[in-house]
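Coordinates in review
If you want the building blocks of each chain, they are given just below.
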Amino acid sequence: MAIPERRPEDVPTGEARVEEALRLLSGVPVELDVAVKRLSRGSGLYAWWAAPSVFPDLPGPPNENVPSLRLLYLGRATSLRGRILRNHLRRSGSSTLRRTLAGLLVSEGYRTTWTDRVVLVPEDEARLTTWMHTHLRLTWAQDAEPATIEAELVRRVHPPLNVHGVGPEHIQAAVVAAKNSYDTSSSPAEPPRTP
């Protein structure tokens, strides 16, 4: 089978890819139970959405199709399905989003422990996943090289839970404080002292 050759006019420009990703990420956010069945194993970008009442002090831009939802976080993945299922919906140790959410929800009593880093205790990992299924929605856009357009997307839409890539005027102090609070909530055990 012959593979068709790509002509230069067939290759999307960075700007065209950014615009297409924005269009898809601004689509109708879906519940996580639906999203996990539809997510591809391909690379791309994803956006997390929630009602303004979830974090009222962290206003994100409204979704164009569902104005009652606000953008919270935008990320990239080499495997959309893997990133969402194995990291964001399961393990705080490998998900900046989960660590940030746990820090913001500190009043809910999330507990941490130290492994080789700060992680939620297993019961609270499950509790946070349930919270996410209840309160968050997801959109995504496949892209062969998401790392090359993520920064531009973050710069344009200013998701309140993103810290990297956001202009200093858009960094939310509460998010930075929540991340720091989470990161310092557990530490390695002190070795026993010998007399």
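Before any of the text, the structure's been laid out above.
So, a few notes on the structure that sits alongside this text.

So, how was this worked out
Residues numbered from 1 in each chain as written. Predicted model: local features only at pLDDT ≥ 70, side-chain atom pairs only at ≥ 80, totals over all residues. Heavy atoms only, no water. Helix = DSSP H or I, 4+ residues; strand = E, 2+ residues; numbered from the N terminus. Buried < 20%, exposed > 50% of the residue type's maximum accessible area, 1.4 Å probe, protein only. Contact = heavy atoms within 4.5 Å. Areas by Shrake-Rupley, 256 points an atom, 1.4 Å probe, with all protein chains shown as cover. Lys, Arg positive; Asp, Glu negative; His and termini not counted. Charge placed at Lys NZ, Arg CZ, Asp CG, Glu CD. Pairing = 2+ DSSP bridges. Axes fitted to C-alpha atoms, helices over the stretch in contact; angles between N-to-C directions. Core = buried A, V, L, I, M, F, W, Y, C linked by side-chain atoms within 4.5 Å. Phe/Tyr/Trp six-rings, centres within 6.5 Å; stacked < 30°, edge-to-face > 60°.

1. A word on the overall build of the chain
Check the secondary structure of the chain and you find seven helices and six strands. Going from the N terminus to the C terminus, the chain shows its helices and strands as α-β-α-β-β-α-α-β-β-α-β-α-α. Oriented by its inertia axes, the alpha-carbon framework of the chain measures out at about 75 × 40 × 35 Å. When burial is assessed residue by residue, the chain has 45% of its 195 residues classed as buried. Pairs at least 24 apart in sequence give 72% of the contacts found in the chain among residues at least 6 apart. Of the roughly 11,000 Å² of accessible surface on the chain, 54% is carried by carbon and sulfur atoms. Taking the average location of the 24 positive side-chain charges in the chain and that of its 22 negative ones, the two points are 6 Å from each other.

2. Let's talk about the sheet that holds strand β3 (residues 70-77)
With antiparallel pairing, four strands are arranged side by side in an open sheet as β1-β6-β2-β3. Looking at which strands have only one partner, the edges of the open sheet turn out to be β1 (30-31) and β3. Examined bridge by bridge, strand β2 (residues 44-50) and strand β6 (residues 136-142) share seven bridges and lie antiparallel to one another. Across the sheet, residue Leu-45 finds its bridge partner in β6, namely Ala-141. With respect to the sheet, helix α1 (residues 14-25) is in contact with β2, β3 and β6, its orientation differing from that of β6 by roughly 150 degrees. Each of β2, β3 and β6 touches helix α3 (residues 80-88); the most contacted strand, β2, lies at about 45 degrees to it.

3. A closer look at the nonpolar core
If you look at the biggest cluster of nonpolar residues, it comprises 35 residues, and the most contacted ones within it are Trp-48, Phe-55, Leu-101, Leu-128, Trp-131, Met-132 and Leu-161. It is helix α4 (residues 96-104) that provides the largest number of residues to this core, a total of four residues. Sequence-distant contacts of Met-132, defined by excluding residues within four places in its chain, comprise Leu-32, Trp-48, His-88, Leu-89, Leu-97, Arg-98 and Leu-101. Core analysis: the next-biggest nonpolar cluster, separate from the first, contains 16 residues, Leu-22, Leu-45, Leu-69 and Leu-71 among them.

4. Some thoughts on the packing of aromatic side chains
Two measures describe an aromatic ring pair: the distance that separates the ring centres and the angle between the ring planes. Counted according to the given criterion, the structure contains one aromatic pair. Judged by centre distance (5.9 Å) and plane angle (40 degrees), the ring pair of Phe-55 and Trp-131 falls under tilted. Taken together, the positions of Phe-55 in the loop between β2 and β3 and Trp-131 in helix α5 (residues 122-135) put the pair 76 residues apart, joining distant regions of the chain.

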